[in-house]
Protein chains: 4
Amino acid sequence: MPESKPAGDKIRLGMVGGGQGAFIGDVHRIAARLDNRYQLVAGALSSDAQRSYDSAAELGIAEDRAYTSFEQMAEAEAMRDDGIEAVIIVTPNHLHFAPAQAFIKAGIHVICDKPLTSSLEQAEQLQSFVDNSGLLFAVTYNYSGYPMVRQAKEMIAAGQLGNIRLVQIEYPQDWLATNVESSGQKQAAWRTDPTQAGMGGSIGDIGTHAFHLAEFVSGLEVSSLLADLSSFVDGRALDDNAHILLRYSNGARGSLWASQVAIGHENGLRIRVYGEKAGLEWFQEEPNQLCFTLLNEAKQIITRGSRAAGLSANLASRIPAGHPEGFLEGFANLYKDFADQILSRRDKKDSDISNSLVPTIADGVRGVRFIEKAVASSKAGSVWQSLD
Amino acid sequence: MPESKPAGDKIRLGMVGGGQGAFIGDVHRIAARLDNRYQLVAGALSSDAQRSYDSAAELGIAEDRAYTSFEQMAEAEAMRDDGIEAVIIVTPNHLHFAPAQAFIKAGIHVICDKPLTSSLEQAEQLQSFVDNSGLLFAVTYNYSGYPMVRQAKEMIAAGQLGNIRLVQIEYPQDWLATNVESSGQKQAAWRTDPTQAGMGGSIGDIGTHAFHLAEFVSGLEVSSLLADLSSFVDGRALDDNAHILLRYSNGARGSLWASQVAIGHENGLRIRVYGEKAGLEWFQEEPNQLCFTLLNEAKQIITRGSRAAGLSANLASRIPAGHPEGFLEGFANLYKDFADQILSRRDKKDSDISNSLVPTIADGVRGVRFIEKAVASSKAGSVWQSLD
Amino acid sequence: MPESKPAGDKIRLGMVGGGQGAFIGDVHRIAARLDNRYQLVAGALSSDAQRSYDSAAELGIAEDRAYTSFEQMAEAEAMRDDGIEAVIIVTPNHLHFAPAQAFIKAGIHVICDKPLTSSLEQAEQLQSFVDNSGLLFAVTYNYSGYPMVRQAKEMIAAGQLGNIRLVQIEYPQDWLATNVESSGQKQAAWRTDPTQAGMGGSIGDIGTHAFHLAEFVSGLEVSSLLADLSSFVDGRALDDNAHILLRYSNGARGSLWASQVAIGHENGLRIRVYGEKAGLEWFQEEPNQLCFTLLNEAKQIITRGSRAAGLSANLASRIPAGHPEGFLEGFANLYKDFADQILSRRDKKDSDISNSLVPTIADGVRGVRFIEKAVASSKAGSVWQSLD
Amino acid sequence: MPESKPAGDKIRLGMVGGGQGAFIGDVHRIAARLDNRYQLVAGALSSDAQRSYDSAAELGIAEDRAYTSFEQMAEAEAMRDDGIEAVIIVTPNHLHFAPAQAFIKAGIHVICDKPLTSSLEQAEQLQSFVDNSGLLFAVTYNYSGYPMVRQAKEMIAAGQLGNIRLVQIEYPQDWLATNVESSGQKQAAWRTDPTQAGMGGSIGDIGTHAFHLAEFVSGLEVSSLLADLSSFVDGRALDDNAHILLRYSNGARGSLWASQVAIGHENGLRIRVYGEKAGLEWFQEEPNQLCFTLLNEAKQIITRGSRAAGLSANLASRIPAGHPEGFLEGFANLYKDFADQILSRRDKKDSDISNSLVPTIADGVRGVRFIEKAVASSKAGSVWQSLD
């Protein structure tokens, strides 16, 4: 290894949004950094010039790559020999579409926060752009990165539960139990504003996570849904609670409950899947374990890193059993897997990513369709809506 | 206390059904015995004469009070000076109505298993009998007897949660995950047979428990429901899974999930109630604790018997905190409270029982209406049904 | 009723101590009543005549069998044709020896609370009385009555853990964290008074339970111990905390921690046993489950009443899995098993009870020896003491 | 980049040990990388030249800074203008002393794995070197980096528990339950070899962690200990289980149990502290919560990131409540805090680090003394040993 340019091996990364004070920008950066596969070298972190430079400086981004607009950044980076290979988009929902389009156009892979866009029309339009570009596009449904979520998916795919009958998923939180958006809480403000968040409140912010996870873990597709959306906090325009019944393509049924007013829950994403032979349960707040019960046998607690865990969990683990990995490590697994995709593309344009676990643009579109159909169902008085 | 005939103070009790091999008969008997308030002195335990005598003998019932028909028993006991004061009816659902009517006619108080009857028409007819009789009638929605369930009810009634927004209730089991009814499992056989169980499978067997508990704890009435009932096991005529959306009279919403095919759950009744100020959670398999969280404060684990528990929990407790009480003790609380009602009636015909926590005939009727409306909603393709 | 004589089948029972206001008296009575095997017909419930009569009346005991002294009761009952067959002794520790001796002398079986006596000398003397009498004598180390404790014992005896290496047992409580004995708390007053409790405070009240459970479950004998006893609350004469190291006859080691000042614990008895092949854990506050882990396999949660539970657990269970049984049911199992012993003696003087799980006088003596040795070790500065 | 020099702000870091295949090397690197405060620029990752180069290349270390000996590295780096400012030592225990000394001599701060050295003599010698050097020296007792551990420390320091009476700490694992060291498990091989591990087996590997945590959280010093060490696996030279009684300077007592043969435990570090007013409990496998109970009040579950958590927990947190942080994040907190110390030293030689939570050389020495005294106590038949 004469020239072993290790720095050169790292993927050159840019970021749109995520300046000082943003929560999710930091999460993406830590996730990208954790496994040492990326180098953040450019950013349009803020439209305010001073804030953009300051944020960039803090992150070790050179001054000349601290942009104030994503258009400028896409253009400039595309021209550089050492331009970014991928960009992270972490702006509010309504500002996903335009930058995503700009970077695709510039030939740069995209990692985009969820929900993909604020309308289904935009989502489908973007998908067609992406499909035509041959570029990679990840949507950060990050809960699919947890090792024991992948363990669950692997067990179901291997038939350990038999035919799936039921998928119960819930995602309760309580941080929007009062009208915090009117008291200057930035995170709350845009998420409860239809012009920024789109048509979904809790279903857009967390319901889509739950929806993706249900399909990801079960390996099934939701064929139709029926929703009852509520808005409990006075003056709130979007839903803060969603009760949704689901039917799956194989005849399985289930329900999805998402709430941001369920006091006592911090980030209570929980999935339970029941088949003809066994059932399993995973809870995001105790992510290192998976409960699995074969009919008429003792419940088993399968732990991350243990010998009872399978291949996909092990590939997504860094440290031994009993040493808890958390949210950031799960998130980082998406970045790690996406890095593999990017690196395989460096040499070979058509590398196959069909086995990858990284959520794609198609998953992103599906998430937006879920939101649109849920809103439509609820408005119509809770009637079944097809997702096909 | 010169003549203090303590034995005479015990309530003379009879039983219909519950002979050898019946599960729930034993539960009722232990519950009645636990606090030493009743004496089982008569029974129509089986229609088979020998089995009726043998079962009676085992239970210390005199031979001449071991009947082979409830009609005969009601008539004979009504004639005796030392005749039974109350009767327990623990036959399959379709055999609740006739004996209940017979004992009411005979002037004997009734304790009846749930669901009250196999049709709403019968239920309402029975209610009118009971109301006209002035007699006491308890329906054993026994989960309302758990101390920490009553604690939850008390806290909500006291406004500790503020206005209620959400009630989430679920009752998953797994004992009917396969077709055990065809292999001679007696408990399964009648519960899955429409001619014995009525129109509800899982919703009749456990869904009504969940429904009662939701209203009991929240202090609210369900105003409408929307149901999606399923039957997953081949050849099963009745539902073994129910997804139900609920709306409450005060605007609160919620969902109810009952399942008997959810592998990994034994008797997983769980209720969660969320108000504007706080949320709480109770789980039947760990019945001695109640989780309570005020918005933005640490979650509290309130335990039975502790100083953090309130009056109604303490009245329903027998032993100190940390010494778990279970299902039988909770069940026994219904018997204990019903004993108080009976004793107060011994002297005074019109004693007020409006403050009692024992589920009444009205609760029983409501439970049957719930079943009927759930079936109707599901058959119509999941449409809202009013419960008023 | 010529042949059936069901009432006659019940064992005629008396009680010494346990009058109004006593906690443990009620527990014994409920436990005896739960399975309908006993009838309480006599009592020396209090030395105060009025209180004795009143307590008796409340319990349905006839006036002429409400005694004011145990001597009188033993004598009178021994003379009656329908005299008691067994007596429960639930007085404070220092008042176990004399009544136990009196009833043995009167030919009446004894059920005695723990610790057996307040000195080892008395304990051994009593054992010799009992052994010579041929009578049955149970000591209510009631935690051995829990189904899943018996499950643990059965699994270890069957070699499922391999050779045992470690036994960790702890029993923390917090009700004596302050000087409640000086503020009129009766239960605390006698337990902290050496003249009534004997030489052990927490080790007598709860440490002996833990000690018995360790030997009962593991099937091993403790060969030596080393203790560090403390008294944290000002003015308290007896230990309220005990740290004890244990060595077992087979070379296994372990520790026992008993505390009545460990704030946050209600009745936190927990046992963990580790062998060469597997480990298990049982916790009294969640008594219906047993955790079991084979090396390199997933942890299993074995539940009472489930198909994963074995024979001895099932024999000690009344209701299905998921329907929690608690402290009273566990306690009642001792009564149920003791009833079997008594009934087998009715006909046959020398019936073999060696397979019974009911703690015997020998276990009682061992418990007092444990206390004496622990006190001796601690006084000597924590030196090893042999228990042989 | 005239003023911003962000890369220059990162601390230049080297590593000794931790080449390919080492577990703990990776952990340190991720921990150092997580918060973007360090840049790994040099390493003596292996004494094998090729392996050293390969490992370095993988990590992005330039070829000329991939050393094959720590002596060479210390010398060379000390000469460079851009030489490392701190070094991580992650070799087996017996290879801590020499490199630590070399880097101290070269004026480079040290981060050293635990236990500090394999003898107390070396530890004290090293402490005197360090003290004279004025350099910074961290020992990675990493469990002290968990937010809720710091929360516990803060609450105790603030008097929320009152005077501390009891500290119970345990650290069970099961990965050495069989003789894995003889089957080529590298991690096991050196840890069970006295020539590499020193005199402590389980007490050195995990017991010292527990010991440090007990003092760190309680704010107390252990004044004496009494130990019973065992070696259960055939052919194992060092202890694989330790039962230790502890006495603290303020009169508090406690026990420490460390085991590597306790089947069913992965990394079960648990600390419980009881004071006159309250008790608390923290468990490493569920690190985001702390249980806290005030006498006679409901148990509280305080969670990381919530409003119930205090300053020191919040400073050590990155993401909101309900988004679990784990082992790596806790470990990273030591690196983050140590970075603050290093940066404050860049300008000012005598910056005060007395408030820092990073374990120091003094803690390291104390840990080695603990091992030595535990071994001595056990060898002498379990006698009290002073730690002063």
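Procedures and definitions
Residues numbered from 1 in each chain as written. Chains lettered and ligands numbered in written order. Predicted model: local features only at pLDDT ≥ 70, side-chain atom pairs only at ≥ 80, totals over all residues. Domains from an automatic or database assignment. Contact = placed C-beta atoms within 7 Å. Helix = DSSP H or I, 4+ residues; strand = E, 2+ residues; numbered from the N terminus. Nonpolar A, V, L, I, M, F, W, Y, C, P; charged D, E, K, R; others polar. Least-squares fit on C-alpha atoms with pLDDT ≥ 70 in both. Expected span 1.5 Å × (residues − 1). Buried ≥ 20, exposed ≤ 12 C-beta atoms within 10 Å, placed from the backbone. Arc of directions from axis to C-beta. Pairing = 2+ DSSP bridges. Axes fitted to C-alpha atoms, helices over the stretch in contact; angles between N-to-C directions. Core = buried A, V, L, I, M, F, W, Y, C linked by C-beta atoms within 7 Å. Right-handed = clockwise from strand over helix to strand, strands pointing away.

A. The arrangement of the domain arrangement of chain A in detail. Residue and element names in this part refer to chain A. Partitioning chain A into domains gives domain 1 (6-135) and domain 2 (146-317 + 365-386). Look at where the C-alpha atoms of domain 1 and domain 2 centre, and you get two points 27 Å apart. Contacts between domain 1 and domain 2 engage 15 residues on the former and 17 residues on the latter. Among the elements that take part in the side of domain 1 that touches domain 2, helix α6 (residues 120-133) stands out by supplying four residues, more than any other. By residue class, the composition of the side of domain 1 that touches domain 2 is six nonpolar, seven polar and two charged.

B. Summary view of the interface of chain B and chain C. Between chain B and chain C, the contact holds 33 residues from the first and 32 residues from the second. The set of elements that each furnish at least two residues to the side of chain B that touches chain C consists of α1 (6-9), α2 (23-34) and α12 (327-347) of chain B. A per-element tally of the side of chain B that touches chain C places α2(B) first, with four residues. Broken down by class, the residue content of the side of chain B that touches chain C amounts to 15 nonpolar, 10 polar and eight charged.

C. Inspection of the relation of the copies chain B and chain A at higher detail. Each copy superposes on the other: chain B lies on chain A with an RMSD of 0.0 Å after a rotation of 180° and an axial shift of 0.0 Å. Taken together, the rotation and translation relating the two chain copies correspond to the operation of a two-fold axis. Considering only C-alpha atoms, the part of chain B nearest the rotation axis is B:V383, at 3.7 Å. The overlap is high: 100% of the interface residues of chain B also sit at the interface in chain A, so the same surface is used on both sides.

D. How the structure looks around helix α6 (residues 120-133) of chain D. Residues and elements named next belong to chain D. The terminal C-alpha atoms of α6 lie 20 Å apart, and with 14 residues this matches the ideal 20 Å at 1.5 Å per residue to within 8%. All buried positions along α6 are accounted for by Q122, A123, L126, Q127 and V130. Buried residues of α6, viewed axially, fall in a sector of 140°; they line one side. Opposite the packed face of α6, turned more than 90 degrees from it, sit the exposed residues E121, S128, D131 and N132.

E. Local environment of the sheet that holds strand β1 (residues 11-16) of chain D. Residue and element names in this part refer to chain D. On the basis of which strands lie adjacent, the open sheet formed by five strands has the order β2-β1-β3-β4-β5 and parallel pairing. The open sheet has two edge strands with one neighbour each: β2 (38-44) and β5 (137-139). Shown here is a sheet whose adjacent strand axes are inclined to one another by a mean of 20°, direction ignored. Both β1 and strand β3 (residues 86-89) contribute to a ladder of four bridges, which runs parallel. Counted as the bridge partner of M15 is I88 from β3. Across the sheet, helix α4 (residues 70-79) lies against β1 and β2, angled at about 130° from β2, the strand it touches most.

F. Region of interest: the nonpolar core. Counting 256 residues, the largest nonpolar core has B:V110 and C:V110 as its most contacted members. Beyond its immediate chain neighbours, meaning those up to four positions away, B:V110 contacts B:A86, B:V87, B:I89, B:A100, B:F103, B:I104 and B:F137. Counting 255 residues, the second largest nonpolar core, distinct from the first, contains A:A56, A:I111, A:F216 and D:I302.

G. Spotlight on the pairing of strand β4 (residues 109-112) of chain D. Residue and element names in this part refer to chain D. Burial of the side chains of β4 extends over both faces: H109 and I111 are buried on one face and V110 and C112 on the other. Between the parallel elements β3 and β4, the chain passes through helix α5 (residues 97-105) in a crossover that is right-handed. Bridge analysis of β4 against β5 gives three bridges, and the strand direction is parallel. When the sheet's bridge partners are listed, C112 is paired in β5 with V139. On the question of chirality, the crossover connecting β4 to the parallel β5 by way of α6 is right-handed.

H. View of the interface of chain B and chain A. Facing the 30 residues of chain B at the interface are 30 residues of chain A. Listed by contribution, the elements that provide at least two residues to the side of chain B that touches chain A are β6 (164-172), β7 (222-230), β8 (241-248), β9 (253-259), β11 (278-283) and β12 (289-294) of chain B. No other element matches β9(B), which puts four residues into the side of chain B that touches chain A. Classifying every residue of the side of chain B that touches chain A by side-chain character gives 14 nonpolar, 10 polar and six charged.

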